[in-house]
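Observations on the three-dimensional arrangement
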Amino acid sequence: MDKPKTMKLVNGEKGNIIKITSLNLDGVMRRRLLDLGFVTGALVEVVRKSPLGDPIAFRVSQTTIALREEESSKIEGELVSNGN
């Protein structure tokens, strides 16, 4: 059985579904993302990347949210589906 591919949300491609394994954020930003549904075990879909790659739109808990590279590079997860 293949080991799940670990990646940061910032490296996801459109259509990828990533299961969050850790948030390496502190303070207000951590609390905000937890409140929005970015919790360990949540499935996050990469919806859209801007032309320059920052920000990136993600769908979590039926909500679409755009995160900057600064935040999305600190959230790690396992690739569940590559959108194919």
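That block above? That's the structure.
Just so we're clear, the structure is a prediction, and the values are computed from it rather than from any experiment. (Residues numbered from 1 in each chain as written. Predicted model: local features only at pLDDT ≥ 70, side-chain atom pairs only at ≥ 80, totals over all residues. Heavy atoms only, no water.)

Summing up its helical and strand segments, the chain has two helices and six strands in all. For the chain, the C-alpha radius of gyration of 12 Å lies close to 12 Å, the compact-globule estimate for 84 residues. Its C-alpha atoms give the chain principal-axis dimensions of roughly 40 × 30 × 20 Å. Taking all 84 residues of the chain together, 33% fall into the buried category. The long-range share in the chain, meaning contacts at least 24 apart out of those at least 6 apart in sequence, stands at 61%. Counting every atom, the chain has about 5400 Å² of accessible surface; 49% of that belongs to carbon and sulfur. One finds the centroid of the 13 positive side-chain charges in the chain at a distance of 3 Å from the centroid of its 11 negative side-chain charges. (Helix = DSSP H or I, 4+ residues; strand = E, 2+ residues; numbered from the N terminus. Rg over C-alpha atoms; globule rule 2.2 N^0.38 Å. Buried < 20%, exposed > 50% of the residue type's maximum accessible area, 1.4 Å probe, protein only. Contact = heavy atoms within 4.5 Å. Areas by Shrake-Rupley, 256 points an atom, 1.4 Å probe, with all protein chains shown as cover. Lys, Arg positive; Asp, Glu negative; His and termini not counted. Charge placed at Lys NZ, Arg CZ, Asp CG, Glu CD.)

Before going further, it helps to spend a moment on the pattern of salt bridges. Tallied over the entire structure, the rule returns four salt bridges. Residue D35 is joined to R31 by a salt bridge in which the shortest nitrogen-to-oxygen separation is 3.0 Å. One end of the pair, D35, and the other, R31, are both in helix α1 (residues 27-36), four residues apart, so they sit about a helical turn from each other. The class for D35 is exposed, based on a relative accessible area of 57%. Close ionic contact of R68 with E71 constitutes a salt bridge, the shortest N to O distance being 2.6 Å. E71 sits in the buried class, given a relative accessible area of 4%. (Salt bridge = Lys/Arg side-chain N within 4 Å of Asp/Glu carboxyl O.)

Here we come to the nonpolar core. Counting residues in each nonpolar core, the largest one holds 18 residues, and the members touching the most others are F38, F58 and I75. For this core, the secondary-structure elements that each account for two or more residues are β2 (17-23), β3 (43-49), β4 (56-60) and β5 (63-67). For F38, the residues in contact, after removing those within four places along its chain, are L9, I20, L23, L33, V44, F58, V60, I65, L67 and I75. (Core = buried A, V, L, I, M, F, W, Y, C linked by side-chain atoms within 4.5 Å.)

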